[in-house]
Amino acid sequence: EQKFQFNPVKLSEDEDVSTISDKLQGQDCSVYLNRPMRANMYNTICLPFDLNVKNLANNHPYYNATVLAFDEVTISTSNNESILELNFVSTDGVIKKNTPYLVQPQNDIPDEVSFDNVMLDEYTDFSDPIYQVTKDNITFWGIIPQSTIRTTDPQNDVVLILVDNNRLASVTTGGAIRGFRGFFYFDRTKVPAVVGAKIAERKPTPTSIIDLNGTEVDVEKFMREGRVYIRVGESLYTLSGERVE
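Since the model is a prediction, treat every value here as computed from it, not as a measurement.

Calculation notes
Residues numbered from 1 in each chain as written. Predicted model: local features only at pLDDT ≥ 70, side-chain atom pairs only at ≥ 80, totals over all residues. Heavy atoms only, no water. Helix = DSSP H or I, 4+ residues; strand = E, 2+ residues; numbered from the N terminus. Buried < 20%, exposed > 50% of the residue type's maximum accessible area, 1.4 Å probe, protein only. Contact = heavy atoms within 4.5 Å. Salt bridge = Lys/Arg side-chain N within 4 Å of Asp/Glu carboxyl O. Pairing = 2+ DSSP bridges.

Draft legend 1. Molecular detail of the side chain of Asn-98. Position of Asn-98 among the secondary structure elements: in the loop between strand 7 (94-95) and strand 8 (101-104). The exposure class of Asn-98 is buried, given its relative accessible area of 4%. If near-sequence neighbours (up to four positions away) are discounted, Asn-98 is found in contact with Cys-46, Leu-47, Pro-48, Asp-121, Ile-130, Tyr-131 and Ile-144.

Draft legend 2. Main features of the pattern of salt bridges. Counted under the stated rule, the structure contains six salt bridges. The partner of Arg-178 in a salt bridge is Glu-13, with the nearest N and O atoms 2.9 Å apart. Of this pair, Arg-178 sits in the loop between strand 15 (176-177) and strand 16 (181-187) while Glu-13 sits in the loop between strand 1 (9-12) and helix 1 (17-23), and the two are 165 residues apart along the sequence. Accessibility expressed as a relative area gives 45% for Arg-178, which makes it partly exposed. A residue is classified by how much of its surface remains accessible, and Glu-13, at 7% relative accessible area, is buried. The partner of Glu-85 in a salt bridge is Lys-198, with the nearest N and O atoms 3.4 Å apart. Residue Glu-85 is found in strand 6 (residues 81-90), and its partner Lys-198 is found in strand 17 (residues 196-201); the two are separated by 113 residues along the sequence. Relative accessible area serves as the criterion here: at 40%, Lys-198 is assigned to the partly exposed category. Salt bridges here are not isolated pairs; linked through shared partners, they connect Glu-13, Arg-178 and Arg-181.

Draft legend 3. Geometry of the pairing of strand 8. In the sheet, strand 3 (residues 43-45) pairs with strand 8 via three bridges, with the strands oriented antiparallel. Of the residues in strand 8, the one forming a bridge with Asn-43 is Val-103.

In C-alpha cells, the structure reads:
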C-alpha cells in the first residue's frame, strides 16, 4: 500500500549558503518560505521559483500583491542637487525565478508562507549574472541565502538597501543581508555625480504611434535638463503622467 507523503522544503531568510544549496536541488515540490514583509511599503524579494501572484488563492498572503521590476535610471533635481532615480514598472503580478523585484503585499506577512507545486531552481553562486538586473551601470542584485557584502573598492563601490518608508540606505562593506531580498550596487566612477538616490514608480512609457480620441499622434520620449519627458502631440508629460505644458 502506497501512502501520500508531503515533504515540503522549508526555506528561511536566515539560512546560509551551505544550507540553502543543500535544499535547492532543482526539484518540483511545495515550499514553506520564511521571508517577512510589510504591507505599507515596498519590500525587495528574490525567489528560487517562478510565481504569478494573481494566480494564487484569494486568501494567500501574496495574492494580488504589487510587483515592480527595475526598468531604468534617470537623474532628477531637488533643491538644485542631482538625485539618482531608480525607476520601476509593474509586472502585472509576475515574479521570475532568481530575479529581484519590489513587492508590496496587501497585508503584513509576519510568518512563513506556503507555495504548492513549484519548481525550485538550483542555487549557483552569489556572483552569477542570473541574479543581476543592470540598467545604466546600476545593478539590482538578488540574494537567495543570507549573505555578507564585501566590496573590492570601498572608495567607489556603493551598496544600497531598501529600508522603512521606501527609503534607500547605504551599507558599508562587510554588511550582512538576509536571504530572499535584493540590493542596489554601482561604481561611483561610472555614474554621474549625485548627492542621493531614491525609488520611483513609473508607468510603462508608450514609444510608438497611439490613438487619442480617434486621432493618431506622434509620441516622443526625450531627456531635458536631466529629466525624462514624453511629448504626446502638442502636450508634454513627465514619466509619472503629470502634464507639464
